[in-house]
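Chains, contacts and geometry: an overview
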Amino acid sequence: MTGRTAKGPGRLLGMVGPSAEKTVCLALQGGGAHGAFTWGVLDYLLEDGRLAIEAITGASAGAMNAVVMVEGWLEGGRDGAREQLRKFWKRVSLDGVLSPIQRSLFDQFLNYWSGVQSPANLWGGAISHVTSPYDLNPLDINPLRDALNEMIDFERVRTCKDTKLFVSATNVWTGKIRVFTAPELTVDHVLASACLPTVFKAVEIDGEPYWDGGYTGNPALFPLFYETHTDDILLIQINPVERRVTPQTAEEIRSRLTEVTFNANLLYELRAINFVRRLIDEGKLSQDEYKRVLMHRIHGGPELDAYAASSRFNARWDFFKKLKDLGRASARAWLQKNYQALGQESTLDLSNA
């Protein structure tokens, strides 16, 4: 399961900053508006410049962050990547350049919460549980398609040689994960990775329908076992694993079910990493044949976890900026504490995964 590729002779790979000394692979979770936290993490890592990024795997908002960052990097290096990420999150905010019909659609389908549970919001939430986007959005209007087409040169992304890209989606027919790579990426692949089935119609690719990649891999780690040189995987996690409170209202129950579902496959892969690592350490598996993954994680801690799951649908620019600032602060603190461990040891305890 964690078979390895041959290691390079200590060379830096992928997106490289001017002071890069160590190489990592990034694993970017999806989680709607909370993906702005990941934007902040990426912004700080790019500014810091000490990490080379060999590969990125992402689902949903994580996939969008990955593609936007790579496209910006190809256009203008690390400063270009930072600027492209900023432009993207501004573009998809409700304060951005969405047309009135697009804003109305986001409000209706994403059940946007302004902080007041108005009758209109509550009614919209109830409707979304008894109807489908095939009824409410027959023209399949998706503001994200316009934003991605406007900002991303997918032909350039498909020719990227600097960093490997892995974007995951869920095949509706088989229920299995499908991982798409940079040479095949189009706007449809990214939209498929972020396709919540209660919001948008399934995205068809080669005649088969796909839903959000978070259902089967949020994000998928296994491409980083087989297709990369570095042993270090840095997970940017935005969905809380634990909530020490029992949900009681219908909304709280739905929200917690979503979090559990979107973390399930990630936890499975983390347990597999821990299992293989123990067998290697006990001499039962050869490190020449199996990769001893060094796992790391940046997350928002209690401050990010304190946001209700419904805030994943808060598309206000000021909310995005708060999450970005939290992401930058979290990345700064993590690098200060753990930079020296990269390439040497895991900083994420997997014993309780």
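Residues numbered from 1 in each chain as written. Predicted model: local features only at pLDDT ≥ 70, side-chain atom pairs only at ≥ 80, totals over all residues. Heavy atoms only, no water.

1. Observations regarding the overall build of the protein chain
Quick reminder of the rule: Per the convention used, a helix needs a DSSP run of H or I reaching at least four residues, while a strand needs a run of E reaching at least two, with both numbered from the N terminus. Throughout this description, buried means an accessible area under 20% of the type-specific maximum (1.4 Å probe, protein chains only), exposed means over 50%, and partly exposed covers the range between. What makes two residues a contact is simply this: any of their non-hydrogen atoms within 4.5 Å. Calculation of accessible area relied on Shrake-Rupley with a 1.4 Å probe; when residues are assessed, cover is drawn exclusively from the protein chains displayed.
Helix and strand counts for the protein chain stand at 12 helices and eight strands. Of all 353 residues assigned to the protein chain, the portion counted as buried reaches 54%. Intrachain contacts of the protein chain at a sequence separation of at least 6 include 78% that bridge at least 24 residues. Carbon together with sulfur atoms contributes 51% to the accessible area of the protein chain, which is approximately 15,700 Å² in total.

2. Thoughts on the pattern of salt bridges
The cut-off we apply is this: For this document, the term salt bridge refers to a Lys or Arg side-chain nitrogen within 4 Å of an Asp or Glu carboxyl oxygen.
Applying the stated rule across the entire model yields 16 salt bridges. As a salt-bridge pair, R328 and E47 come within 3.2 Å of each other at their nearest N and O atoms. Highlighted residues: R328 in helix α12 (residues 317-338) and E47 in helix α1 (residues 35-48), separated in sequence by 281 residues. On the basis of relative accessibility, which here comes to 34%, the residue E47 falls in the partly exposed class. E282 is the salt-bridge partner of K284, the closest N and O atoms lying 3.3 Å from each other.

3. Points about the side chain of D212
Basically, it comes down to this: Residues counted as positive are Lys and Arg, residues counted as negative are Asp and Glu, and His and the chain ends are not counted. Between N or O atoms, a polar contact is any pair within 3.5 Å; within protein, one atom must be a potential hydrogen donor and the other a potential acceptor, and residues adjacent in sequence are included only when both atoms are from side chains.
Among the secondary structure elements, D212 is positioned in strand β6 (residues 208-212). Buried within the structure, D212 lacks any salt-bridge partner; its nearest side chain of opposite charge belongs to R312, at an N-O separation of 8.8 Å. At 3.0 Å, the side chain of D212 and the side chain of S60 are in polar contact. Excluding residues within four positions of it along the chain, D212 makes contact with S60, T170, A192, S193, A194, C195, L196 and F262.

4. Some remarks on the confidence of the model for the protein chain
Where we set the bar: Confidence scores here are pLDDT values: one per residue, from the predictor, ranging 0 to 100.
Averaged over all residues, the pLDDT of the protein chain is 85; the fraction at 70 or higher stands at 85%. In this model residues 5-10 is a low-confidence stretch, pLDDT under 50, and it forms nine contacts with partners more than four residues away in sequence or in other chains. The low-confidence segment residues 104-128, where pLDDT is below 50, has 37 contacts with residues more than four positions distant or belonging to other chains.

5. Examining the packing of aromatic side chains
Let me state the cut-off plainly: Pairing of aromatic side chains requires ring centres within 6.5 Å, counting the rings of Phe and Tyr and the six-membered ring of Trp. Pairs whose planes differ by under 30 degrees are stacked, by over 60 edge-to-face, and all others tilted.
Per the counting criterion, the structure on display carries eight aromatic pairs. For the pair W39 and W89, a centre-to-centre distance of 6.4 Å together with 5 degrees between the ring planes defines the contact as stacked. Of the two residues, W39 sits in helix α1 while W89 sits in helix α2 (residues 61-92), which places them 50 residues apart along the sequence. Classification of W39 by relative accessible area gives buried; the value is 2%. The class of W89 is buried, set by a relative accessible area of 4%. When the ring of Y215 is compared with that of F262, the centres are 4.8 Å apart and the planes differ by 65 degrees; the resulting orientation is edge-to-face. With Y215 in the loop between β6 and α9 (223-226) and F262 in helix α10 (residues 250-281), this residue pair connects regions lying 47 residues apart in the sequence. In this structure Y215 comes out as partly exposed when scored by relative accessible area, which is 28%.

6. Side note on the nonpolar core
Selection criterion: For our purposes a nonpolar core is just a set of buried Ala, Val, Leu, Ile, Met, Phe, Trp, Tyr and Cys residues, chained together by side-chain atoms within 4.5 Å.
One finds L26 and M69 to be the most contacted residues of the largest nonpolar core, which totals 71 residues. Contacts of M69, omitting those with residues within four sequence positions, involve M15, L26, L42, L46, I53, I56, A81 and L85. Counting residues in hydrophobic clusters, the runner-up holds 17 residues, among them C25, A27, L221 and M295.

7. Some points on α2
Convention followed: One less than the number of residues in a helix, times 1.5 Å, gives the span that helix is expected to have. Bend is computed residue by residue as the angle between axes fitted to the seven residues ending at the residue and the seven residues starting at it.
Its 32 residues give α2 an end-to-end C-alpha distance of only 11 Å, which falls more than 12% under 46 Å, the value for a rise of 1.5 Å per residue. The largest bend in α2 comes to about 140 degrees, at G76.

8. Regarding the environment of N65
Along the polypeptide, N65 turns up in helix α2. With relative accessibility at 0%, the residue N65 sits in the buried group. Distance from N65 to L28, taken between C-alpha atoms, is 8.0 Å for residues 37 residues apart in sequence. When sequence neighbours within four positions are dropped, the list of residues in contact with N65 reads L28, G35, T38, W39, L42, L85 and W89. Engagement of the side chain of N65 in a polar contact is seen with the side chain of W89, the distance being 2.9 Å.

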